[in-house]
Structures are given as structure tokens and as C-alpha cells.
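# Architecture at a glance
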Amino acid sequence: MEVVTAIAAWAISAACRNVPTNSLLAGICNRGVDIKELSGRLSTGARVYGPGTDVFTQATTRWSTLDAPGVDVVVVPSVENDVAETVKYGNEKNIPYLPVNGGHGAIITVGKMQGGIQIWMDDLNTVEIADDGKSAKIGGGTLSKTITDTLWAAGKQTSTGACECTSILGPGLGGGHGFHQGRYGLVADQFLSMNIVLADGSLQTIDETSDLWWAMKGAGHNFGIVTSVTSKIYDIENPNWAYVSFTFTGDKIEGLYQATKDYLLKNGTQPVEVINYSFFINLPEVDPDNTVVLFFILQGGVQVVDPVFTDPFVKLGPVATTSSAGTYRNLAAWTGNGNADAPCQKVGLVNTRFPIDVETYDIQAQRKVYDLFSSATHETPALNGSLFLFEGYSLQAVQAIPKESTAVSYRGDNLLFAPLIIYSPGGDELEKQAAKLGEDLRQILYEATGREEKHTYVNYAFGTETKEQMYGYEQWRQDKLLNLKNKYDPDRKFSFYAPIA
């Protein structure tokens, strides 16, 4: 067992044994975790890091700094059983623990984990393709780009999230939207079996024969730590993709989203190979006084996006148009979700989302949220880097899965919207102002739906949403989730990420 900076860690541990909580040293002292004891339980390849090491800083740096978890020790498992042993240790010592993959979980509920162990899944990053070429076993810490690239080299592909730097399991346990969902379904729909560490520290393999399987596909963060998952994979039948992006000024809002309804979304019948994706953004070189809209049309199986989809938008008079052809591997970079792009950087900002799932674009609501977003982000320069996401993936394979068959509750919704309020930490007043803006924008869209239920995508949740909003309003869903929680996690060990109880 390698203990990083072993002598220093031992010295700190010894010095901290008698440090009072109000001492100046208390902030760097681990008052619960005995590093040597924990290390002795783990495999020879596992690593344990304390504060003051570069890897500890790297592991605990998050995409959003708001209400970040309080970590005393980072464990980097080398094998799946290391996760089980860490959970057992935490249980014995009454120390909380939190698994982390890509570190993009921005929900503020994770901040309730204080003085705990972060289980950084970074080294569990393998992709093993089965001999029959129909599935792959994917390590619990594997990021989307690694999966895409590894499968691609073998002529295969599967559903992942749209962002290269997130894991497959972070999004997947909450459903997992992505570019391939119209053809293959959500990330969770690909799962065939998984290895999971339960709250009692046992490492088990489960599949569709387990009563827990239903919950792991949509509410899985609440029940354990998935150390690996076996997922369906598919032959690459046509590698080609193309895109066109348009930049529109704010006066085009009504025409833009009416055209999107009429020529792309078409009452939820958008073609399986077509995606519409847009966001509000402030680009002063285009319009120094108002927000603009970047609007993308992506199409698979072609080298040029079909004019039947693009012509209505060309007629609107965009201020700029760009296009390109490539393969599926280019989609993340084209849409600003690649490893080199801003969403994949951890630079000390607050990134909070306020998601809502809807059935269609309400044109009056689009105007209202545009006006509010533009005015608020210009009147408060600290919020000027914010975005407003409108994700319109195709839905055929998603909606082919019976709604009651998984914990994903909102398969009937056609669109995912989310204000992404971005700012540098600046005190309580700015924090409240940012949260109010996000909630106000979401409320406008919610009121436009005309329904009592407010549907929110759990993986984008801010943290103030109700369990009904995240996991479904049907009483049988809530009862089933609670019963499974009581059975598999009666002590609520896994209740930091979008908790159901």
C-alpha cells in the first residue's frame, strides 16, 4: 500500500491527535480518519491523500464551488474492493463518504457531507469490450471521452452524456441525456448489470433480477457506489455527422423558436438523427447591450445538414453562420462541451442550474426568459458569464421504454431547459441574487407549461427541488423509492446527492 507523503502524513496525524477543535491547526487536522489504518485495508495500488498534497487539491476541486463537500481525506481506489473497504471503514468510524467521478455534480445537497472521505473513482477507468461485441464493462470512474474513443477504435458506440469530461455513471444513474438517445435511449437504458457497493459495505453484482435495478436507473445515486457497469454497445453504422450553427440577436426570439417548433421539434416527432441545441450567451462583440442566441442543428449520417432543416433559419437572417462535417466524436467540441471548452474547466466559479423538462417551446415564455436573462446579466456584471441552455434531443428510443419500468419519470417530456448561472464567489447577496434569477427564469417556463407538476432533471438540479419534482409525482413511485431506501440504506449513508430521504 502506497501512502503518499507517508512521513508527513504520519507527522500530521500524530500532531493532530490532541489538537482542540478551536485550534488554528484544526482546519488541517483529520480528526476522524486514521490514514495508516485505512491504508492497511486497501489494495497495494490504492492511494490515500490528505490536505496539502497536489492530488488532494486536484481531486477535491469542483466545477461549482457553491456548497462544496468538506473532505478530510481522499481515497483513490485501485480495484473495486477498495471502495467496499472504504465504505466499511467509514461505517465503523461513523465518518461520511462521497464518491466523485468527474466532479461536475453541482447540486448544493452535496455540501451536507462534511468532515468526510471522498472516494475519487479516477483510477477505475477501464473499458473492456465483450467477446461478442454487444456489451462493454466500464469502470465506475471512466469519463465519457474515454468511453467514446475506446469504443470508436473498435467500431462501436453507445449512449453517453454530451459533455466529454463527465463520467458515464454520474449522468447515467439519473437517467443520462445525450446525442445518441434518439437511437439507443438514455445512458441508463444501456445498463445490463453493475457492480455496486451497498451501504453495508458489501460489493454485489446486480441486474434486472434485483428489486434494486429499477431504482438504479434514474435514482441510483441514493443506493450505493457503482464500481463498474456493463452496458450495451452498438456497431457504428454511419460515422458521419454535420452541424450548422446560427448566431441570432434578440429580436429574432419569436421567429427562431417558432421555426424550431414547426420544422424540427414537430410535436415530439423530431427525426431520430436530428438534434436542436441552443443557448443564450453574452457576446459583446456581436451585441454589447443584449444577449444573443447560439442555435445548433446537428444531423447524423450526412456530411451536410439537410436544407429542409436549415432553410427556415437562414431566412430569419442570422448575424453569423458556421458549419462543418465530421464524426460523432466532433459533437462535443462543436457544441462547446469538449474537454478544452469552458464547461470542462474548474476555475473556482459557481455554476448553478435550474432545470425544467417541458413538452414544447412556448413562444411568449421564450421572449420573457430572454428579456429577463438579458437585462439581469447586463445590469449585474458579475452574472454576465451565465448561459441559458435549451436541449432538444431526439426521443424515439427514450420514449420506447415503458415509463413505469425505471425510476426515470419524465420520458414524455420533449425538451430540457436550464438556466446556468455562473459567477465568481462574491458573498451572500450575490449568491441570493443569482439563485433568485435562476428560480425566476424557471418559474416563467413552468407557468407556461400550464400544468401543476414541475418536472426537473435530477442531474441538473440546484438542490432546492422536491423529490416529486426530481423523481416523479406518482405516489407509487415515491413509495417504491422509499421502501427500497429503507431496505438497502436504512441509515441514509447515500443521501448527499439529490436525496429521496
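Note that the coordinates shown come from a computational prediction; the quantities given were computed from them, not determined experimentally.

Of regular secondary structure, the chain possesses 16 helices and 20 strands. What you see for the chain is a C-alpha radius of gyration of 23 Å, in line with the 23 Å of a compact globule of 501 residues. Summarising its shape, the C-alpha atoms of the chain cover approximately 70 × 55 × 45 Å along the three principal directions. Considering the chain as a whole, with its 501 residues, one finds that 57% of them fall into the buried category. The contacts in the chain between residues at least 6 apart in sequence include a share of 74% that link residues at least 24 apart. Of the roughly 19800 Å² of accessible surface on the chain, a fraction of 50% belongs to carbon and sulfur atoms. Of the charged side chains in the chain, 39 are positive and 56 negative, and the gap between their average positions amounts to 4 Å.

Let us now look at the nonpolar core. With 50 residues, the main nonpolar core has Phe 191, Leu 212, Met 216, Phe 223 and Leu 481 as its most contacted residues. Among the elements that take part in this core, helix 8 (residues 213-219) stands out by supplying 5 residues, more than any other. Counting residues in hydrophobic clusters, the runner-up holds 46 residues, among them Val 293, Val 350, Val 369 and Tyr 446.

Turning our eyes to something else, we now look at the packing of aromatic side chains. Per the stated rule, a full pass over the model turns up 26 aromatic pairs. Where Phe 246 meets Phe 248, the ring centres are 5.9 Å apart and the plane angle is 35°; that geometry is what we call tilted. A connected cluster of aromatic rings, assembled from ring pairs, spans Tyr 257, Phe 280, Tyr 361, Tyr 370, Phe 373, Phe 388, Phe 390 and Phe 417. Positioned above the aromatic ring of Trp 214, the side-chain terminus of Lys 480 is 4.3 Å from the ring centre.

Moving on, we come to the environment of Thr 249. One can find Thr 249 in the loop between strand 13 (240-248) and helix 9 (253-265). For Thr 249, a relative accessible area of 18% gives the class buried. As for Thr 249 and Asn 330, which are separated by 81 residues in sequence, their C-alpha atoms are 26 Å apart. Within the local environment of Thr 249, its side chain forms a polar contact with the side chain of Asp 251, the two groups lying 2.5 Å apart.

What follows covers helix 5 (residues 144-153). Restricting attention to buried positions, one finds in helix 5 the residues Ser 144, Ile 147, Thr 148, Leu 151 and Trp 152. When helix 5 is viewed along its axis, its buried side chains cluster within an angular range of 120° and face the same direction. Buried residues along helix 5 sit in contact with strand 6 (127-129), strand 7 (135-139), strand 8 (156-157) and strand 16 (320-327). Directly beyond the C-terminal end of helix 5, a positive phi value near 75° is found at Gly 155.

Paired through backbone hydrogen bonds, the strands of a sheet run either parallel or antiparallel to each other. Strand order in this open sheet of 5 strands is 6-7-11-9-10, and the pairing throughout is antiparallel. The open sheet is flanked by strand 6 and strand 10 (203-207), the only strands paired with a single partner. Averaged over all adjacent pairs, the angle separating strand axes in this sheet is 15°, with direction ignored. With 5 bridges joining them, strand 7 and strand 11 (residues 225-232) adopt antiparallel strand pairing. By the bridge assignment, Ser 135 is partnered in strand 11 with Lys 232. On the sheet, helix 4 (residues 80-93) packs against strand 7, strand 9 (191-197), strand 10 and strand 11 and is oriented at approximately 145° with respect to strand 11. Across the sheet, helix 5 is in contact with strand 6 and strand 7; its angle to strand 6 comes to roughly 30°.

Before going further, it helps to spend a moment on the confidence of the model for the chain. When pLDDT is averaged across the chain, the result is 94; 94% of the residues are at 70 or more. With pLDDT under 50 throughout, residues 2-30 is counted as low confidence; its partners more than four residues away or in other chains account for 29 contacts.

A few words on the side chain of Thr 227. Tracing the sequence through the fold places Thr 227 in strand 11. Those residues in contact with Thr 227, other than ones at most four positions away along the chain, are Glu 80, Val 83, Met 121, Leu 124, Gly 139, Gly 140, Asn 195, Ile 196, Val 197 and Leu 203.

Every disulfide links exactly two cysteines, by a covalent bond between their sulfur atoms. Applying the stated rule across the entire model yields 1 disulfide. Two residues share a disulfide in this structure: Cys 165 and Cys 344, whose sulfurs sit 2.1 Å from each other. On the sign convention where negative means left-handed, the S-S torsion of about -90° between Cys 165 and Cys 344 marks this disulfide as left-handed. Residue Cys 165 is located in the loop between strand 8 and helix 6 (169-172), and its partner Cys 344 is located in the loop between helix 11 (331-334) and strand 17 (350-353); the two are separated by 179 residues in the primary sequence. Judged by relative accessible area, which is 9%, Cys 165 ranks as buried.

What follows is about a negative patch on the surface. A contiguous patch of negative charge on the surface is contributed by Asp 67, Asp 428, Glu 429 and Glu 431. One can find Asp 67 in the loop between helix 3 (54-60) and strand 3 (71-76). On the accessibility criterion, Asp 67 (37% relative accessible area) is partly exposed.

As a further point, take the side chain of Thr 456. Position of Thr 456 relative to the elements: it lies in the loop between helix 14 (428-449) and helix 15 (467-471). In contact with Thr 456, not counting residues within four places along its chain, are Pro 355, Ile 356, Asp 357, Tyr 410, Arg 442, Glu 465, Gln 469 and Met 470.

Taken as a whole, this structure holds 24 salt bridges when the rule is applied. Across the salt bridge formed by Lys 436 and Asp 440, the nearest N and O atoms sit 2.6 Å from each other. Placement of both Lys 436 and Asp 440 in helix 14 is noted, with a separation of 4 residues, approximately one turn of the helix. Its relative accessible area of 53% is what places Lys 436 among the exposed residues. Residue Asp 440 is classed as partly exposed on the basis of its relative accessible area, which comes to 29%. The closest approach of N and O atoms between Lys 467 and Glu 468, which form a salt bridge, is 3.7 Å. For Lys 467, a relative accessible area of 34% corresponds to the partly exposed category. A residue is classified by how much of its surface remains accessible, and Glu 468, at 24% relative accessible area, is partly exposed. Taken together, the shared-partner salt bridges in this structure form one network comprising Glu 37, Arg 41, Glu 92 and Lys 93.

Between its terminal C-alpha atoms helix 4 stretches 21 Å, which fits the 20 Å expected from 14 residues at 1.5 Å a residue. Within the span of helix 4, buried status applies to Glu 80, Asp 82, Val 83, Ala 84, Glu 85, Thr 86, Val 87, Tyr 89 and Gly 90. A positive backbone phi angle near 55° is found at Asn 94, which sits one or two residues after helix 4.

Scoring rules and cut-offs
Residues numbered from 1 in each chain as written. Predicted model: local features only at pLDDT ≥ 70, side-chain atom pairs only at ≥ 80, totals over all residues. Heavy atoms only, no water. Helix = DSSP H or I, 4+ residues; strand = E, 2+ residues; numbered from the N terminus. Rg over C-alpha atoms; globule rule 2.2 N^0.38 Å. Buried < 20%, exposed > 50% of the residue type's maximum accessible area, 1.4 Å probe, protein only. Contact = heavy atoms within 4.5 Å. Areas by Shrake-Rupley, 256 points an atom, 1.4 Å probe, with all protein chains shown as cover. Lys, Arg positive; Asp, Glu negative; His and termini not counted. Charge placed at Lys NZ, Arg CZ, Asp CG, Glu CD. Core = buried A, V, L, I, M, F, W, Y, C linked by side-chain atoms within 4.5 Å. Phe/Tyr/Trp six-rings, centres within 6.5 Å; stacked < 30°, edge-to-face > 60°. Lys NZ or Arg CZ within 6 Å of the ring centre and 35° of its normal. Polar contact = N/O pair within 3.5 Å; in protein donor to acceptor, adjacent residues only side chain to side chain. Arc of directions from axis to C-beta. Pairing = 2+ DSSP bridges. Axes fitted to C-alpha atoms, helices over the stretch in contact; angles between N-to-C directions. pLDDT = per-residue confidence, 0-100. Disulfide = S-S within 2.5 Å. Patch = residues over 30% accessible without salt bridge, like charges linked within 9 Å, V, L, I, M, F, W, Y side chains within 5 Å. Salt bridge = Lys/Arg side-chain N within 4 Å of Asp/Glu carboxyl O. Expected span 1.5 Å × (residues − 1).

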